[in-house]
Structure formats: structure tokens, C-alpha cells
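# Coordinate inspection notes
Chain residues, written in single-letter form:
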Amino acid sequence: MKTFDAAIAGGGLIGSSIALELARAGLHVALFDKQEPGLEASWASAGILSPAPESPAMIGMVPLGKASMALYPEFVQMVEEISGQSAGYRAKGTLEVVTSRHAREELSTIIALHHGLGLRAEPLSAEDACQLEPSLREDIEAAVLRPAEASVDNRLLTRTIVESARKSGVEVFANQRVEQIWREGDICEGLITSTEKVSAKHTVIAAGCFSAQIQGAERYAPVVPARGQMISLRCASARIERVLWGDEIYLVPRNDGRVLAGATVEYAGFDKTLTAGGQRKLLNAAIDLVPELEKAQLEEAWVGLRPDSPDHLPILGPTDLQGLIIATGHFRSGVLLTPITARLIREWITLENVSEQWDRFSPMRFEAARKQTHATAN
Ligand SMILES: Cc1cc2nc3c(=O)[nH]c(=O)nc-3n(C[C@H](O)[C@H](O)[C@H](O)COP(=O)(O)OP(=O)(O)OC[C@H]3O[C@@H](n4cnc5c(N)ncnc54)[C@H](O)[C@@H]3O)c2cc1C
């Protein structure tokens, strides 16, 4: 039987970065993926690095997002150095367009919200915004510049992390589906794949939206897939420097000249169909925000499944089974949260103590909620 210090289920950005961090801390680590690592949400993503909350429900995640953002430059430098490959990091800021007729009020609300959360945000007039981003539609009312935000080419980043993990001693097992955790009483002894039992002192479930399919992990990681459709455009005459946020769309420029547009959020189970309606919505909104994109070449369209949790917050940390740790539920922010997740899981395993407030992300919160509902019902 194979024996490791740590066995990780799932080789997306989350699982592979945890594997890398643990190997660099001196642990003997195994990473299992049901296919080649990194071909699910981490491949499909847009790669925006923005700790700003997209909805009131996400405000609780802002401190974690800020902590991860602060780690990003060093994290990218580390994986680029170890792997010898680029991760396509662009620290150019993001710009949110305001089109409402009540722009003045909206602008001051957005700025106050950001400053209250300790996030950098600057109000811009329509003229100033169009000077910074000359391809924007001309009839916007105002904009918000978030100069500290960035983006990364998530496909490249995933590759650099998996390669760095391999080079740092992680044993990567592709095409090995993890079927269940290996439980003896209150102890998790490792995991059981489609072909073997694997013994590990620490078992980490990081299988994205598929985590609840791993028998024994579902009660700690009750995630569901949230489908996101994306497109990639190429247009030499459209000049886009920063990530642009419109009402219905974001546009993400890549270092190689592509512009990504996304994304839909749909609850359709594990169905990965690209729909005509989804594609029409993306194309219309992209051209609406940057009219020159009407001339763009449509290069690629794809779909990915985000791991969403019942409260839309990540699920991170130890469980009531000794040795079992969960790292999933990153929903729309898994790329942003990659460095901080890897650090927290390493701290739990090597220090049994973590440097960030994490109670609200505990995998045990669903168990507590279930017990409470049960007690009320009785
Ligand atoms: C369209 C779209 C746009 C997005 N945009 C952004 C963005 O701009 N910024 C941002 O921060 N986040 C964004 N996200 C979210 C982000 O991509 C995810 O939160 C993140 O990639 C989750 O990473 P993960 O490693 O948990 O999951 P995944 O990348 O899905 O990886 C899970 C891995 O587990 C493997 N696996 C599954 N089941 C098993 C099993 N039983 N045994 C072994 N292996 C298994 C899979 O093969 C896969 O490799 C976006 C997501 C989508 C879909």
C-alpha cells in the first residue's frame, strides 16, 4: 500500500497549490486527479483577481480575498521560478463602468463601500475613463478604477503550479478517481481510489464541484456546480488594457492579445452544454460595452463548473474526523483565493493553527446548521 504524509483529491488550482505548499514544507505528498490535473473550473476561469464583493453575501470573504491578493505577486514569482514558465499575471487594475442615470449616487455608494472594506477605489468621470480605456462605449456616465486589482492567465497558472508541485517532489497520479475517504471510526486514514487504498496522515478534499461525489466527504463539502459560459475574442482594433466590468459582462485582456468575455452563472447540474442563449448574452453584452468588438474574431467558446456552497462562501479547514481537511466551495473566486488557501491548509497541517480568521468557512458549519434544523423540527 502507498503511504504519504498528505494525500490530496483533486488537481485544480486549489489541490495543486496545496500540494506544492505542503511539499515545500517537507511533506511527502500525493495528488490524485480523475483526469489530467487542471482541466475543470481552473481551466475554464477568467482569472480576475478582485477581492471586491460582487454581492452582499460575499462581503464576509473580503478579508480572505485581500490576504490572498497580497500574496499574489510573490506566489506568481515563486511558481514561475520553479516551473520556468509564465503565469500571465497582469497587475493593471480593473475598471467598473457606471451607466445608470443616477450615476453620481451610485458612484458614491460604490466608493464608500470599497473604502469601508479597506479596498482601493477611485471615482472617474466618463471622460477620464474613456481616456484610460479608449475602446469603451462613449455614453457611459462614470466609472470606478480599482488600481490594486489584477488578472492572471488561469490556464497558464494551473500549469505552472502543477509543474512546480512535480518539481518540488509531489507525486501526481492522473486518471485516478478518488471514490471515497478511508474512514476507521473517527479517524480518516487516507483515501480509496478506483484502483487502491492510499494511507495518509492528512487527507485533503479539493475536488472542486465534484467534492460531494467523494463518499464520506459530502456532509462536509455539500457543493454544487454553477455553470459558467465564456468566449474568447481577438480584435486588433479594440484597445483594452484593464479588466472592464459592465452591468452584464466582464472583459479580460490577456497578454497574448485575446479578450475573454464572461460569464453566465447557471444551475444546470453537471451539464456542460454551451447554449445559444448564453452565447448570445455574452456577445451582445461584450459588443455593447466595447463596440469595436463587433469586428472581433470569435476564437473559442467554453464552459466550466464552479464549486458553489450553500452560503456561497469557501469551505476550508479541519473536520470532526481526525486527518480530514476540506478545501473547496471557492465559487467565483477560486483563482483569487488560491495562494491564501494553500497557506491556510499548510498552516493547519504543520502548525495546527492558522493566521486568518476562518471560523465562518469551517466545514463543520453545515453540520451545525443541520443539527439546529433537526432540533427545531423536534
Ligand atoms: C467561467 C468561470 C469563470 C471564473 N472566473 C473566475 C475569476 O475571474 N476569478 C476567480 O478567482 N475565480 C473564477 N472562477 C472560479 C474558479 O475558477 C474556481 O473557483 C476554481 O478554479 C476552483 O478550483 P478547484 O481546484 O477547487 O476546482 P477545479 O478546478 O474544478 O478542480 C477540481 C479537480 O478535481 C478533479 N476531480 C474531480 N473529482 C475527482 C475525484 N473524484 N477524484 C480525483 N479528482 C477529482 C477534477 O478533475 C479537477 O481537476 C471562474 C469559474 C468559471 C467556471
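Shown above is the structure to which this text applies.
Here's what I pulled together on the structure shown here. As the structure is a prediction and not an experimental result, all values here were calculated from the model.

What follows is about the overall build of the protein chain. When you go through the protein chain residue by residue, the secondary structure sums to 9 helices and 18 strands. Computed over its C-alpha atoms, the radius of gyration of the protein chain comes to 21 Å, within 12% of the 21 Å expected for a compact globule of 378 residues. With the principal axes as the frame, the protein chain shows a C-alpha extent of 65 × 50 × 40 Å. Relative to its 378 residues, the protein chain shows a buried fraction of 56%. Carbon together with sulfur atoms contributes 49% to the accessible area of the protein chain, which is approximately 16,200 Å² in total. With 38 positive and 48 negative side-chain charges, the protein chain shows a spacing of 1 Å between the two charge centroids.

What surrounds the ligand is a group of 39 residues, the closest being Asp 33, Gln 35, Ser 42, Ile 48 and Val 178. Gln 35 is positioned such that a nitrogen or oxygen atom in its side chain is 2.8 Å from an oxygen atom of the ligand. Note that an oxygen atom of the ligand is positioned 3.0 Å from one of the backbone N or O atoms of Val 335. Contact with the protein chains hides 98% of the accessible area of the ligand, taken as 1,000 Å² for the molecule alone. For the shell around the ligand, the leading source of residues is strand β16 (residues 297-308), giving 4 residues. Looking at side-chain class alone, the shell around the ligand contains 18 nonpolar, 15 polar and 6 charged residues.

This part takes up the environment of Phe 366. Looking at the element boundaries, Phe 366 is found in helix α9 (residues 365-377). Taking the C-alpha atoms as reference, Phe 366 lies 9.7 Å from Ile 315; in sequence the two are 51 residues apart. The residues touching Phe 366, leaving out its near neighbours within four places in the chain, are Arg 219, Tyr 220, Pro 222, Ser 309, Pro 310, Asp 311 and Ile 315.

With that out of the way, let us pick up helix α3 (residues 62-83). Spanning 22 residues, α3 covers 30 Å between terminal C-alpha atoms, matching the ideal 32 Å at 1.5 Å per step. When the local axis directions of α3 are compared, the greatest deviation, roughly 45°, occurs at Tyr 72, which is followed within four positions by the proline Pro 73. Positive backbone phi, at 75°, marks Gly 84, one or two positions downstream of α3.

The next thing to look at is empty space enclosed by the protein. In the structure shown here, the tally under the stated rule is 2 cavities of 30 Å³ or more. Taken as a whole, the largest cavity encloses approximately 40 Å³ of empty space. Together, Trp 43, Ser 45, Asp 153, Asn 154, Arg 155, Arg 254, Arg 258, Leu 260 and Trp 302 line the largest cavity. Sorting the residues of the lining of the largest cavity by element identifies α6 (154-167) and β15 (258-262) as the ones contributing at least two each. Taken together, the residues that form the lining of the largest cavity break down as 3 nonpolar, 2 polar and 4 charged. By volume, the second largest cavity is sized at about 40 Å³. Of the residues in the lining of the second largest cavity, the class split is 3 nonpolar, 2 polar and 4 charged.

What follows covers the nonpolar core. Side chains of nonpolar character tend, in soluble globular proteins, to be buried together. Of all hydrophobic cores here, the largest spans 51 residues; its most connected members are Ile 8, Ile 18 and Leu 157. Contributing elements (two or more residues each) for this core: β1 (2-9), α1 (13-24), β2 (29-32), α3, α6, β18 (324-328) and α8 (338-351). Ranked by residue count, the leading element in this core is α3, at 9 residues.

Our next topic: the layout of surface pockets. Counted as a void, the second largest pocket has a volume near 620 Å³. Among the secondary structure elements, those contributing two or more residues to the lining of the second largest pocket are β4 (94-98) and α4 (103-116). Broken down by element, the residue count for the lining of the second largest pocket peaks at 5 residues, all from α4. Looking at the lining of the second largest pocket residue by residue, the classes come out as 13 nonpolar, 7 polar and 8 charged.

What follows deals with the pairing of strand β6 (residues 142-146). The element β6 is largely enclosed, with a buried count of 5 among its 5 residues. Where strand β5 (residues 122-125) meets β6, 4 bridges bridge the pair, whose relative direction is antiparallel. Residue pairing across strands places Pro 123 opposite Val 144, the latter belonging to β6.

The rules behind each value
- Per-chain numbering applies: the sequence of each chain, read as written, is numbered from 1 onward.
- At least 70 in pLDDT is required for a residue's local features to be given in this predicted model, at least 80 for side-chain atom pairs to be given and counted, and no such filter applies to totals for whole chains, interfaces and linings, which use all residues.
- As a rule here, side-chain values cover all heavy atoms of the structure and leave hydrogens and water aside.
- Working definition: helices are DSSP H or I runs of at least four residues, strands are E runs of at least two. Numbering for both runs from the N terminus.
- Every radius of gyration here is taken over C-alpha atoms, with the globule rule written as 2.2 Å times N^0.38, N being the number of residues.
- Categorising residues by exposure relies on relative accessible area from a 1.4 Å probe, with only protein chains included: less than 20% of the type maximum marks a residue as buried, more than 50% marks it as exposed, and the intermediate range marks it as partly exposed.
- Computed with the Shrake-Rupley method and a 1.4 Å probe, the accessible areas treat only the protein chains shown as cover for residues.
- His is not counted, nor are the chain ends, whereas Lys and Arg count as positive and Asp and Glu as negative.
- Lysine's charge is taken at NZ, arginine's at CZ, aspartate's at CG and glutamate's at CD.
- Put simply, a residue is near a molecule or strand once any heavy atom of it comes within 4 Å of that molecule or strand.
- As used in this structure description, the phrase polar contact means that two N or O atoms lie within 3.5 Å; if the pair is within protein, one of them must be able to donate a hydrogen and the other to accept it, and residues adjacent in sequence are counted only when both atoms belong to side chains.
- Nonpolar residues are Ala, Val, Leu, Ile, Met, Phe, Trp, Tyr, Cys and Pro. Charged residues are Asp, Glu, Lys and Arg, and all others, Gly as well, are polar.
- A contact between two residues is defined here by any heavy atoms of the two lying within 4.5 Å.
- One less than the number of residues in a helix, times 1.5 Å, gives the span that helix is expected to have.
- Fitting axes to the seven residues that end at a residue and to the seven that start at it, the angle between those axes gives the bend at that residue.
- The pocket and cavity definitions rest on a 1 Å grid over protein atoms only: a 1.4 Å probe that fits but cannot leave marks a cavity, an open set with protein on both sides within 12 Å along at least five of seven lines marks a pocket, and residues lining either have an atom within 4 Å of a point.
- Grid points are joined across faces, edges and corners, and a volume is the space filled by probe spheres set on the points.
- Only buried Ala, Val, Leu, Ile, Met, Phe, Trp, Tyr and Cys residues count toward a nonpolar core, and they belong to the same one when joined by side-chain atoms within 4.5 Å.
- Paired strands, as defined in this entry, are two strands with at least two bridges between them according to DSSP.

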